[in-house]
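One letter stands for each residue in the lines below.
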Amino acid sequence: MKSNIALIGFMGSGKSTIGKRLARRLQREFVETDNLIEEHAGMPIPEIFRERGEAGFRDIEEAIIQDIAVSAQNAVIACGGGVIVRQANIDRLKGSSSIVYLETKIENLQDRLSGSRKRPLLNRPDRDQFIEELLEVRRPLYQAAADITIKTGKRPFAAVISEIIERLEIG
Ligand code: S3P
């Protein structure tokens, strides 16, 4: 049974903020995979990347998703932006969760991510260009994984949350 709602989308698309508010509105548990990864590794994400590289980070992410896929029930799950990089993650999530893609325009993502210091992938001088290229690669993966797609960006959170609830026919 798909009792969870899993939010996917690019870094800066509002998964955490929207997820928290959605969980509160539905009176459900809120789970954030990035927090669980940090707890599991005992260090913040930039340090995981530094010490174990991206592949090391993805291994922990996959283990966390595998765990959530069997243990979480009626939860709202905010996934890291790269969760779609490994198809196994999506296969596992699909069994227990409705997958919601939060789709955000490139310029909104670039704005929101301009001051980010805690995302190792964006730690580079050509950040805006890289965001554009990475989004091109990932967009089809988000789309293929999603049960529904919801536009975010400059819309009020309340409108986004109401649309998720309506489209999933819950609440
Ligand atoms: C990543 C997104 C981050 C975090 C890590 C890698 C990615 O999560 O998991 O820095 O590959 O897109 P957010 O989407 O919450 O920023």
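Please refer to the structure higher up on the page.
What comes next concerns the included structure. (Residues numbered from 1 in each chain as written. Predicted model: local features only at pLDDT ≥ 70, side-chain atom pairs only at ≥ 80, totals over all residues. Heavy atoms only, no water.)

**Section: helix α6 (residues 127-145)**
Just so we agree on the cut-off: Secondary structure follows DSSP: runs of H or I at least 4 residues long count as helices, runs of E at least 2 residues long count as strands, and numbering of each begins at the N terminus. For a helix, the expected span equals 1.5 Å multiplied by the residue count minus one. Bend, at a single residue, is the angle you get between axes fitted to the 7 residues ending at that residue and the 7 residues starting at it. In what follows, residue pairs with any heavy atoms lying within 4.5 Å of each other are defined as contacts.
Under the 1.5 Å per step criterion, the end-to-end length of α6 is 26 Å for 19 residues, consistent within 8% with the ideal 27 Å. The sharpest bend along α6 comes to roughly 40°, located at R138, with the proline P140 sitting one to four residues further on. The inward-facing, buried residues of α6 contact β1 (4-8), α3 (45-71), α4 (87-96), β4 (97-103) and α5 (106-113).

**Examining the pairing of strand β3 (residues 75-78)**
Heads up, the rule is: Each residue is placed in one exposure class: buried if its accessible area under a 1.4 Å probe, protein chains only, is under 20% of its type's maximum, exposed if it is over 50%, and partly exposed if it falls in between. Two strands qualify as a pair provided that DSSP identifies no fewer than 2 bridges between them.
Of the two faces of β3, the one carrying A75 and I77 and the one carrying V76 and A78 are both buried. Where β1 and β3 come together, three bridges link them in parallel fashion. In the sheet register, L7 faces β3, and the bridge partner there is A78. Across four bridges, strand β2 (residues 29-32) lies against β3 in parallel orientation. Looking at β3, one finds that E32 is bridged to A78.

**Side note on unusual backbone geometry**
Of note in this structure, Q27 is not a glycine but carries a positive phi near 55°. Locating Q27 in the fold gives a position in the loop between α1 (15-26) and β2. Even without a glycine there, the phi angle at N74 is positive, about 55°. In this fold, N74 is placed in the loop between α3 and β3. Residue N74 is classed as partly exposed on the basis of its relative accessible area, which comes to 45%.

**Quick look at the sheet that holds strand β5 (residues 148-151)**
Quick reminder of the rule: All axes are obtained by fitting lines to C-alpha atoms, using only the stretch in contact for helices, and the reported angles, taken between N-to-C directions, cover 0 to 180 degrees.
The five strands are arranged β2-β3-β1-β4-β5 in an open sheet whose pairing can be described as parallel. Lying at the two open borders of the sheet, with one neighbouring strand each, are β2 and β5. Taken pair by pair, the neighbouring strands of this sheet meet at an average axis angle of 25°, ignoring direction. Where helix α2 (residues 33-41) meets the sheet, its contacts fall on β2 and β3, and the angle it forms with β2 comes to roughly 65°. Its contacts with the sheet put helix α7 (residues 157-168) on β1, β4 and β5, and the angle it makes with β5 is roughly 160°.

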